[in-house]
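Residue-level structure breakdown
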Amino acid sequence: MEERASDGAVKRQRATIVESTLTNVDVVSQLASFLHAEDLCQVKATCKALGSDEDATANGLSIADEAARRLYLGASDEEKAKLPRHDGESWTEL
């Protein structure tokens, strides 16, 4: 029984590490660089922790929007010209 309690503690510790990692906008931005744009929009729509503006952590944006903003700002001028940003648009609405 003691071994199971220890396994549970290890699982909780791993879950805590993953959760704290996903609140780091630098980590999420790096992970977002591997996603297609529609996948990042899906993350924002389905994951409250990453997509909620209520818990904005970066520049008043959700973590998903901040990741999209960083990807857009890192794009070449040619890429930006193909996907112009309009006033009032969120970063995941591009």
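Residues numbered from 1 in each chain as written. Predicted model: local features only at pLDDT ≥ 70, side-chain atom pairs only at ≥ 80, totals over all residues. Heavy atoms only, no water.

On inspection of all chains with the given rule, the structure shows 1 aromatic pair. Arranged with centres 5.6 Å apart and planes meeting at 55°, the rings of Tyr 72 and Trp 91 form a pair that is tilted. Separated by 19 residues along the polypeptide, Tyr 72 in helix α5 (residues 63-73) and Trp 91 in the segment after α6 (77-82) bring together distant segments of the chain. Across this residue pair, the class does not change: Tyr 72 and Trp 91 are buried. The cationic tip of Lys 80 hangs over the ring face of Tyr 72; the distance from NZ or CZ to the ring centre is 5.7 Å. For the cation-ring pair, Arg 85 lies above Trp 91, with the distance from its terminal atom to the ring centre recorded as 3.7 Å. (Phe/Tyr/Trp six-rings, centres within 6.5 Å; stacked < 30°, edge-to-face > 60°. Helix = DSSP H or I, 4+ residues; strand = E, 2+ residues; numbered from the N terminus. Buried < 20%, exposed > 50% of the residue type's maximum accessible area, 1.4 Å probe, protein only. Lys NZ or Arg CZ within 6 Å of the ring centre and 35° of its normal.)

Counted according to the given criterion, the structure contains 5 salt bridges. In this structure, Asp 26 and Arg 70 form a salt bridge, with 2.4 Å as the shortest nitrogen-oxygen distance. Pair noted here: Asp 26 is in helix α2 (residues 25-32) and Arg 70 is in helix α5, with a separation of 44 residues, a long-range link. When its relative accessible area of 48% is taken as the criterion, Asp 26 is described as partly exposed. In this structure, Lys 44 and Asp 65 form a salt bridge, with 2.5 Å as the shortest nitrogen-oxygen distance. Here Asp 65 lies in helix α5 and Lys 44 lies in helix α3 (residues 37-46), a separation of 21 residues in the sequence. Its relative accessible area of 3% is what places Asp 65 among the buried residues. Three or more residues are tied together by salt bridges with common partners; here these are Asp 26, Glu 66, Arg 69 and Arg 70. (Salt bridge = Lys/Arg side-chain N within 4 Å of Asp/Glu carboxyl O.)

Looking now at the nonpolar core. Val 25, Val 28, Ala 32, Leu 40, Leu 50, Leu 61, Ile 63, Ala 64, Ala 67, Ala 68, Tyr 72 and Trp 91 together form the largest nonpolar core, which totals 12 residues. Of all the elements in the fold, those that place two or more residues in this core are α2 and α5. The contact partners of Ala 68, leaving out residues within four places of it in the chain, are Leu 40, Trp 91 and Thr 92. (Core = buried A, V, L, I, M, F, W, Y, C linked by side-chain atoms within 4.5 Å. Contact = heavy atoms within 4.5 Å.)

Take Leu 61: it is sitting in the loop between α4 (48-51) and α5. Relative accessible area serves as the criterion here: at 17%, Leu 61 is assigned to the buried category. A sequence separation of 11 residues divides Leu 61 from Leu 50, and the C-alpha atoms of the two residues are 9.9 Å apart.

It is worth spelling out the confidence of the model for the chain at this point. Residue-level pLDDT values for the chain average 77, and 78% of them are 70 or greater. When the elements of the chain are averaged for pLDDT, helix α1 (residues 2-22) gives the smallest value, 67, and α6 the largest, 88. (pLDDT = per-residue confidence, 0-100.)

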